[in-house]
Amino acid sequence: MMIDTSGLSKRFGSTQALADLNLHVPEGSVFALIGPNGAGKTTALRILLNIVRPGGGRAEILGTDSRHIGPKELARIGYVSENRELPEWMTVSEYFNYCRPFYPEWQDSEAAELARMFDFPVDRTLRALSRGMRMKAALAGTLAYRPKLLIMDEPFSGLDVVVREQLLECIAERTPECTVLIATHDLSDIESFATHVAYLSDGHLLFAEEMETLTKRFREIEMVLSGDTSPQILPDNWMNLKQAPGVIRFTDADYQPAKCEAEIRQRWSGIKDITVRALTLRSIFIALAANRKATR
Amino acid sequence: MRLAVHIVLKDARHLWKEIVVTWVLLAWLTYLDSVRSGYQPDAAEGWLNILLPLAWCWLAGLCVLQDPVPGERQFWIALPLRHRSVIAAKALFVLAMIHLPYLVSNAVVLSARGFNPIEYLPRLLEKQLLVLIAITLPSLALASVVQNAMQFIVCAIAIFAAALVSDKTGTFSMAPFTFSARPWMDETRLAIALSVLALASLVLLNLQYRSRRTLLSRYVGLAAIMVSGLVSVWLPLVFTAKLAAAWRPATQSYPLTIRLKPGVSYSSAPFASGGVNIAIPVEPLSRAANLSVELLALEIETPDGRRIKANPAPGNRAQRESIASFDRFSSPHADFVALVMERGIYKEIGNLPVTVRGDLIAEFHREGMKANAPAETRVDVPTLGLCTSSNAFGSLIREGGIRLECESPREIPHTPVILIDSVTTREWKSGLGQASAFVSHPTNTLLSPLFRKEAYFQLTWRDTTRPGSQWQVPQEVASHYRMEIEPQPVTGRAVIPFELRDIRLNESLINHSK
C-alpha cells in the first residue's frame, strides 16, 4: 500500500474534522477522495504529509509513519494543492531552479518537456500568471522529479475545461508508475480516470472501493404501479425514496438484480414496470449527500 | 548545509533591496563614526544608531517570513528538507547580511581611529553578541510566530509601546538621548532582561522549527516579554547593584561609613523644582579614598514607625509621582544626601526626628599610570586609549575652551584630568565624562565599537582669581598648557548600607518653593 491509515482522527476545537478514517491506497491506483466542502479531505491529506498532527490513529505513507516522514520520503511525493502558497515573486524558470536541488530525481529534460507542453512564459513571475497557468507550473514542478506518489488537493477547482483536460492528460500519462491520490468535490474530472474512490462526509468515511465496483453497485430504480404506494419498511441499502401517485423512485446502494426485484415485489403489489438506471459518479455523490442529510 | 545555502541565496535574491538599504545605512554610520571628532555624535549618527537596529529587525523578520512557520499552506513545509535546514538558512542569512557587515564596519572604525581590530577582537565579538541577543535573535523569534510582515510590524510596535508605557522612569524611552548615570548597574539590569528574551527566543525557535507549535511558542514569547519587562521595570536597583558588585567584588577592606557632618549647609539654588528640597550633609565620601559613590535606595522612618520609600532620581529627571526622590552630590566641604519631597509629606514629618537609611554602592579605583598630553596632541594613554587635546576657539559670544577627548574600544575608567599651566604651574581639575552638552538628537552610540569621553575646561577673558572662578581657565593658558591624565581602573565594587538617626529634615531644608 502506498497509503494506509487506521482510525485516523483529528479535531479542531469542537469540530470533528476527521473520525476513524481507514484508507488504503494501493500502488498504481488513481484514488479519488471525494466529499463535499468541509468533509475533511484536506485535513486527511495534510496529516498524510505531516503538515498537521493527527489527533488519533495512525497513517503510513510509502511505508513510513506520517509523523516521521522526512526528506527521503518527501522527495518521492508530489504535492499539488490549490491552497499551497507558491513563491509567487519567482519567475517560472526561477521556480524550477529553486525546486531542483531539493529533489535528487529531478529531470531537467522532463521539466523542459513539461514547460513546452504547457507553453509557459518562463520569464514571467508566478504572480503574473493566470490561476490555470500557476497550477500547471505547480504540477510541472512536481512531475519533473517523477514522484512515486502524487497527492493533489482540489487541483482543478476554478480552472477552465481546456486546462483541466491538459492537466488530467498529463497525470494520466504518468500512471500507473505514479500512484495518485486526488481530493476533490468536482466529480466530472475524475470519473474517467480514477480507479478507486472514497467518500468522506463530516469527517466520516462512508465507503472506499474500486470505481468499477462502485458504479456497478449503485442503481436508480423507478417503479410504476397501480396499487398502494404507501411507505414500507425498506432495506438499509435503499435510499432517497421518493413517491408520487403511481410512481416510486429510490437509489439502491447494493444493487443485485434478482434480489432487488424480489424485495420490491415483496413490498408492493400491482407493479406495472420497473426501470433500472446506472448512475454517474456525480449522481452517486448527490444521492449519498442527500441520504446523509436526510438521516442526520 | 547545501540546501541551507540554497535557501539563503533565494532569500537574498528576493530581499536585495532591503539588504542594500541596511548596508547603505551601515556604511553611512561607519563613515560618520570613523571621522567623528568629539565624544558626542552629530544628529545623523545619533539617529542612525536607532534606525539601523530597526532596519536589522525588519530584515531579520523578513528573512524568516520568506518561509513562514505558522500555518499549513506554506510552500516549504512539503519540501523534502529538514526543518533544521530552514532555521540554519535563516541564521546564515542573518550572519551574512547583518552580523558580518557589522563586524567589518566595527573593524573599519577601529582601524580608522588608530586601533588594531585584531587586538580588540573580543570587544568586537561582544558587540556582535549584543546585536544578536538584543536585535536579531528576538526578531527571528517574533517572525517565527507570525504569519506575515504586517503581523510582525503590529506585534513589534505593540511590544515597543508596552515597553514605553511601563517605563515610568524613562530608562528605556530616554536611553537613546541620555548617558546613563549608572551605566554598569543599568547594564546589569539590561543584561538580565535581554538574557531572558534571548533564552526564550532560542526555546521558541527550537519549538517552532522542531515541531511548529505556534500557540505554545506564542505563550513562551509573551511570558518572556512580560518577565523581561518586569525585570527592567521592577527589579530593585539595590539588587542589580549587588549583582554588579558580586561580579567584581572589592578586594580591599573599605573603612567606609556614612556619618552626619553637622554645621554644614547647602545654600545654592534648589536642585529640582516641584517639591521641597533637602540636603543632608555627610562626611565627604569620594575624597576618602579612590572611590566613587552612588546612592541606590533610601527610606525615611518616622518615630511612629511609618516608612517612606524614596525613588532614585534617574539623571536629572523629576519624579512627579514619587513622594520623595533622592540623589547625591558633593560640595568642597561635604557630600549631601539630597531629597526632593512632596510638600504634604514634608509638612507632616519635616520637624520630626526621623531615621534616614539606605544603600549606596562604592566603586573602588586603583591609581593608574599618569600620562601627559601637551597642547594640541594625540597621545596613547596606557590602560585608557587614545586621547586628543585641542582648543575649541570661541566666538564673540562664546569664550571657547580646552578639551581632551579620549576614545577606546575598552570601557573608559574613572579618569581625573588636570590641566596645568606650563608657565605658572597653576592647576585646574576635571575628569573624563564630567562634561556633557545638551542636544536635542539621540546621543547614545550603542553600535559604535568605541567608548568616548571628554574633559572640558572653559576659557575665559574674565578675572579668574575671584571666588567662584576656580573652574575657569584664563584665555592665555590656551597657548601653554599640558594635561595630566590618570586613568584609574576599577578594582571592585561594594554595596554598603547606612543609617542616619535623629535627623530633622527642616534643619537641612534648602528652600520651600511655592
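Provided above is the structure to which this section pertains.
Here the structure is a predicted model, which is why all the values come from computation and not from measurement. All residue numbers here refer to positions counted from 1 along the written sequence of the relevant chain. To read the labels, note that chains go from A and ligands from 1, taken in the order they are written. Totals for whole chains, interfaces and linings use all residues, but because this is a predicted model, local features are given only for residues with pLDDT of at least 70 and pairs of side-chain atoms are given and counted only at 80 or more. Here the side-chain values reflect all heavy atoms present in the structure, with hydrogen atoms and water set aside.

**Side note on the overall build of chain B**
Where we set the bar: Here a strand is any run of E in DSSP of at least two residues, a helix any run of H or I of at least four, and the numbering for each starts at the N terminus. Burial classes: relative accessible area under 20% of the type maximum marks a residue as buried, over 50% as exposed, and values in between as partly exposed (1.4 Å probe, protein chains only). Contacts: residue pairs with any heavy atoms within 4.5 Å of one another. Throughout, the Shrake-Rupley method with a 1.4 Å probe supplies accessible areas, and for residues the shown protein chains are the sole cover considered.
Each helix and strand counted, chain B has 10 helices and 17 strands in total. With 514 residues in all, chain B has 50% of them scored as buried. Pairs at least 24 apart in sequence give 76% of the contacts found in chain B among residues at least 6 apart. Working note: accessible area of chain B is about 25,000 Å², and carbon and sulfur atoms make up 61% of it.

**Concerning helix 3 (residues 43-65) of chain B**
For clarity, the cut-off: Here the expected span of a helix is defined as 1.5 Å times the quantity of residues minus one. Bending is quantified residue by residue as the angle between axes fitted to the seven-residue window ending at that residue and the seven-residue window starting at it.
End to end, helix 3 of chain B covers 33 Å across 23 residues, agreeing with the expected 33 Å (1.5 Å per residue, within 8%). Approximately 30° is the largest bend angle found in helix 3 of chain B, and it occurs at Asn 49 of chain B, with the proline Pro 53 of chain B only one to four residues beyond.

**Some words on the state of the cysteines**
Put simply, the test is: Count a disulfide wherever a pair of cysteine sulfur atoms falls within 2.5 Å.
Enumeration over the complete set of coordinates arrives at 1 disulfide over all chains. Here Cys 387 of chain B is linked by a disulfide to Cys 406 of chain B, with a sulfur-sulfur distance of 2.1 Å. Residues Cys 387 of chain B and Cys 406 of chain B share a disulfide whose torsion about the S-S bond is about 115°; that sign makes it right-handed. Note that Cys 387 of chain B is positioned in strand 9 (residues 385-393) and Cys 406 of chain B in strand 10 (residues 400-408), a separation of 19 residues in sequence. Across the pair, Cys 406 of chain B and Cys 387 of chain B agree in class, each one buried. Not part of a disulfide, Cys 99 of chain A finds its nearest cysteine sulfur in Cys 170 of chain A, a span of 16 Å. Its relative accessible area of 2% is what places Cys 99 of chain A among the buried residues.

**A word on unusual backbone geometry**
Cis geometry is found at the peptide bond from Thr 175 of chain A to Pro 176 of chain A, where omega equals 5°. Within the secondary structure, Pro 176 of chain A sits in the loop between helix 6 (161-173) and strand 8 (179-184). Despite not being glycine, Arg 146 of chain A shows a phi value in the positive range, around 45°. Summarising the element assignment, Arg 146 of chain A is placed in the loop between helix 5 (131-143) and strand 7 (149-153). Taking the relative accessible area as the measure of exposure, Arg 146 of chain A reaches 53% and is therefore exposed. Notably, Glu 376 of chain B is not glycine yet its phi reads approximately 55°, a positive angle. Mapped onto the elements of the fold, Glu 376 of chain B is located in the loop between strand 7 (371-374) and strand 8 (378-381).

**Observations regarding the packing of aromatic side chains**
To be explicit about the condition: Two rings belonging to Phe, Tyr or Trp (six-membered ring only in the last case) form a pair when the distance between their centres is within 6.5 Å. Interplanar angles under 30 degrees mark stacking, angles over 60 mark edge-to-face geometry, and anything in between is tilted. Two limits define a charge over a ring: the Lys NZ or Arg CZ must be within 6 Å of the ring centre, and within 35 degrees of the ring normal.
All chains considered together, the criterion is met by 16 aromatic pairs over all chains. Seen in terms of ring centroids, Tyr 95 of chain A and Phe 75 of chain B are 5.6 Å apart; in terms of plane orientation they differ by 55°. Their pairing is tilted. Residue Tyr 95 of chain A is found in helix 3 (residues 92-99), and its partner Phe 75 of chain B is found in the loop between helix 3 and helix 4 (83-112); the two belong to separate chains. For Phe 75 of chain B, a relative accessible area of 9% corresponds to the buried category. Between Tyr 103 of chain A and Tyr 145 of chain A, the aromatic rings sit 3.6 Å apart at their centres with planes inclined by 5°, giving stacked as the arrangement. Note that Tyr 103 of chain A is positioned in the loop between helix 3 and helix 4 (108-118) and Tyr 145 of chain A in the loop between helix 5 and strand 7, a separation of 42 residues in sequence. Given the relative accessible area of 5%, Tyr 103 of chain A is considered buried. A residue is classified by how much of its surface remains accessible, and Tyr 145 of chain A, at 2% relative accessible area, is buried. Cluster of aromatic residues (ring-pair linked, three or more members): Tyr 95, Phe 96, Trp 106, Phe 118 and Phe 120 of chain A together with Phe 75 of chain B. For Arg 217 of chain A, the ring lying beneath its charged end belongs to Phe 207 of chain A, and the centroid distance is 5.6 Å. A cation sits over an aromatic face here: Arg 267 of chain A above Trp 238 of chain A, 5.6 Å from the ring centre.

Shape descriptors only; they carry no functional weight alone.
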